Amino acid sequence: LQLRHRPASLYISNMTDKSTCSSLTGSFYNKDNSLEANEQGRSASFAALKLFGRTEETAQLREALHGVMHDHTTRIVAVHGDSGMGKTCLVESLREKVVDRSHGYFCSGKFFQNSTHETYSAIMAAFSDLCDLVVQAGDFEQRKEKIRAALGSDGYILAGLISSIGPFLPPEKENGDEYYERTHAMDKAALTRFRLACKNFLRAMSHEDHPIVLFIDDLQWADEGSRLLISTLLEDDELRHVLFVLAYREEESKRAESLLKGRRDDIVDIQVGNLTQGAIEELLSSSMGSSSLNSQKVSELSKLVKSKTQGHPFHVCQYLEFIHAEGLLAFSRESSSWEFDVGDIQQQTMVPESLVEILGLRIDRLPLSVLQTLMVAA
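So, how was this worked out
- Residues numbered from 1 in each chain as written.
- Predicted model: local features only at pLDDT ≥ 70, side-chain atom pairs only at ≥ 80, totals over all residues.
- Heavy atoms only, no water.
- Helix = DSSP H or I, 4+ residues; strand = E, 2+ residues; numbered from the N terminus.
- Buried < 20%, exposed > 50% of the residue type's maximum accessible area, 1.4 Å probe, protein only.
- Areas by Shrake-Rupley, 256 points an atom, 1.4 Å probe, with all protein chains shown as cover.
- pLDDT = per-residue confidence, 0-100.
- Contact = heavy atoms within 4.5 Å.
- Axes fitted to C-alpha atoms, helices over the stretch in contact; angles between N-to-C directions.
- Parallel < 35°, antiparallel > 145°, perpendicular 65-115°, else oblique.
- Left-handed = near helix turned anticlockwise from the far one by under 90°.
- Pairing = 2+ DSSP bridges.
- Salt bridge = Lys/Arg side-chain N within 4 Å of Asp/Glu carboxyl O.
- Right-handed = clockwise from strand over helix to strand, strands pointing away.
- Core = buried A, V, L, I, M, F, W, Y, C linked by side-chain atoms within 4.5 Å.

Enquirer: Would you take a moment to explain the overall build of the protein chain for this structure?
Expert: When helices and strands are counted, the protein chain shows 16 helices and 7 strands. Considering the protein chain as a whole, with its 378 residues, one finds that 49% of them fall into the buried category. In the form shown here, the protein chain has an accessible surface area of approximately 18000 Å², with 48% of it arising from carbon and sulfur atoms.

Spelled out as structure tokens, the structure:
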């Protein structure tokens, strides 16, 4: 069964992203921040509440945001690591600070594998997201005319690409104003005007009272046109109050790193690696409710999980899910606590050693109707 990572088959990427987030934030949470089981104690629910093992990386992101807010500058953060490390979850953890505490705008776009024909897709998605956020802001009416004036006729250039730019367009379309479509074959002059329009758009939207975090995910899959546009935006010396966060996979980093090579010396570089045993132990203690568990047992389980998964976040999550589903990690109604025996888990030959084996078993156990649906979707 081959599942290809494409926009039309987001079930597989969503499973990966959700599981990675859960592995970093603690799996099986309920509202009181502890594990939740059903009546049989054999299944659990997910909710992303907290990051574990990412204190340093989070601090780097917040420091970069602080610089944008207080130094009135533009900064670039590169977030990279192997697939399944939780790069997206790490960056998304900044959203609350940006929106709730800084009155800023957090907008994002994502590139997909094998979708290079969709030129500018991730950037325009982020721009459209930004338009919606500005419209929803309390001071939109006060800023609207100023933004319109700053955009001028450039707004019409972007109208065919940014779905929600309408409120920022002048009421009357002047003769000569043209719409650019994603499939429009732009000549050199048109491309130059288009890139200038994107620069003017971001300048118009930025404001000292509303810092912008522009998050572009999976940069390694960006098409050439998008790479050139991103390069243009990064080189804009007149842009202020914007934090660019660019995330990409370590194993496919050449194209992404070539885009950043030779840029300003103040690029913040964040490499997202495996979780430490301490982070896994903290995750387990918080998830299962440490007050009802023997700390030594939790330490032993975290050591086992670390040895089996090397601390890879997605693998950690899948491994814990598997031993939970097999009843090796089970909730006892009698003691109102979670019970497990590390020795039993180690001795069970049915527990797969690799992530591929775990995922393979999970897929094999799906109902036939689901498997057939996945085959069609793939």
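More follows now that the structure is in view.
Enquirer: Is there a simple way to explain the confidence of the model for the protein chain in this structure?
Expert: If pLDDT is low for a region, its predicted coordinates should not be looked at in detail. Confidence in the prediction for the protein chain averages 79 pLDDT; 79% of positions are at 70 or higher. Averaged pLDDT values for the elements of the protein chain fall to 39 in helix α1 (residues 10-25) and rise to 96 in strand β3 (residues 212-217). Confidence over residues 1-48 falls short of pLDDT 50; this stretch has 125 contacts with residues more than four positions distant or in other chains.

Enquirer: Just to check I follow, could you spell out the packing of helix α12 (residues 295-309) against helix α13 (residues 313-325) for this structure?
Expert: In a packed pair of helices, the relevant descriptors are the angle between the two axes and the axis-to-axis distance. Contact geometry of α12 with α13 gives a least axis separation of 10 Å together with a crossing angle of 120 degrees. The orientation of α12 relative to α13 falls into the category oblique. In this structure, α12 meets α13 at a crossing whose hand is right-handed. Counted together, L301, L304, V305, K308 and T309 of α12 and H315, V316, Y319, L320 and I323 of α13 form the full contact between these two elements.

Enquirer: Just to check I follow, could you spell out the pairing of strand β6 (residues 329-332) for this structure?
Expert: Regular strands show a simple pattern: their side chains alternate between the two faces of the sheet. Pairing between β6 and strand β7 (residues 337-340): 4 bridges, direction antiparallel. In the strand pairing of β7, S332 is matched with S337. The antiparallel pairing of β6 with β7 creates a hairpin that spans 4 residues between the two strands, and S336 there sits at a positive phi of about 55 degrees.

Enquirer: Is there a simple way to explain the environment of F168 in this structure?
Expert: By secondary structure assignment, the location of F168 is in the loop between α7 (154-158) and α8 (188-205). Spatially, the C-alpha atom of F168 lies 7.9 Å from that of L151, the residues being 17 residues apart in sequence. Non-local contacts of F168, meaning those with residues more than four positions away in its chain, are made with C131, V134, V135, F140, I147, R148, L151 and M205.

Enquirer: Help me understand the pattern of salt bridges, please; the structure alone is not making it clear to me.
Expert: Once the charged atoms of two side chains with opposite charge are near each other, the side chains can pair. Applying the stated criterion across every chain, the model contains 10 salt bridges. Of the charged contacts, one joins R54 and E57 as a salt bridge, the two residues approaching to 4.0 Å between their closest N and O atoms. Each member of the pair, R54 together with E57, is buried. With a shortest N-O distance of 3.2 Å, E145 and R148 are connected by a salt bridge. Of this pair, E145 and R148 both sit in helix α6 (residues 140-151), 3 residues apart, which is roughly one turn of that helix. A relative accessible area of 17% means that R148 is categorised as buried. In this structure, a network of salt bridges that share partners links the residues K110, D217 and D218.

Enquirer: I would appreciate a short explanation of the pairing of strand β4 (residues 242-249) in the present structure.
Expert: Among the 8 residues that make up β4, 8 are buried, leaving the element largely enclosed by the rest of the structure. Every second residue of β4 is oriented toward a common face, with V242, F244, L246 and Y248 on one face and L243, V245, A247 and R249 on the other, all of them buried. Looking at chain direction, strand β1 (residues 74-81) and β4 are connected through 8 bridges and run parallel. Within β4, the residue paired with V77 across the bridge is V245. Where β3 and β4 come together, 5 bridges link them in parallel fashion. The residue of β4 that forms the bridge with I216 is L246. Handedness of the crossover joining β3 and β4 through helix α9 (residues 224-234): right-handed.

Enquirer: Explanation requested: the packing of α8 against α9 in the structure shown.
Expert: Here α8 crosses α9 at 50 degrees, and the two axes come no closer than 10 Å. By the angle between their directions, the pair α8 and α9 is classed as oblique. The two elements α8 and α9 meet at a crossing, and its hand is right-handed. Contact residues: F194, R195, C198, K199 and L202 in α8; L228, L229, T232 and L233 in α9.

Enquirer: Please explain the sheet that holds β3 as it appears in this structure.
Expert: Pairing in this open sheet of 5 strands is parallel, and the strands run β2-β3-β4-β1-β5 from one edge to the other. Each edge of the open sheet carries a strand with a single partner, namely β2 (105-110) and β5 (268-271). Adjacent strand axes in the sheet meet at a mean angle of 15 degrees, parallel and antiparallel pairs treated alike. Packed on one face of the sheet, helix α2 (residues 55-70) meets β1, β3, β4 and β5 and runs near 160 degrees to β5.

Enquirer: Even after reading the chapter, I still don't get the nonpolar core, so can you show me in this structure?
Expert: In globular proteins that are soluble, nonpolar side chains generally tend to be buried together. Residues M124, F127, F201 and L219 are the most contacted members of the largest nonpolar core, which totals 52 residues. No other element matches helix α5 (residues 121-136), which puts 8 residues into this core. Setting aside its immediate chain neighbours within four residues, L219 contacts F111, I230, L246, A247, Y248, A256 and L259. F52, I323, F340 and I345 belong to the second-largest nonpolar core, a separate cluster that totals 23 residues.

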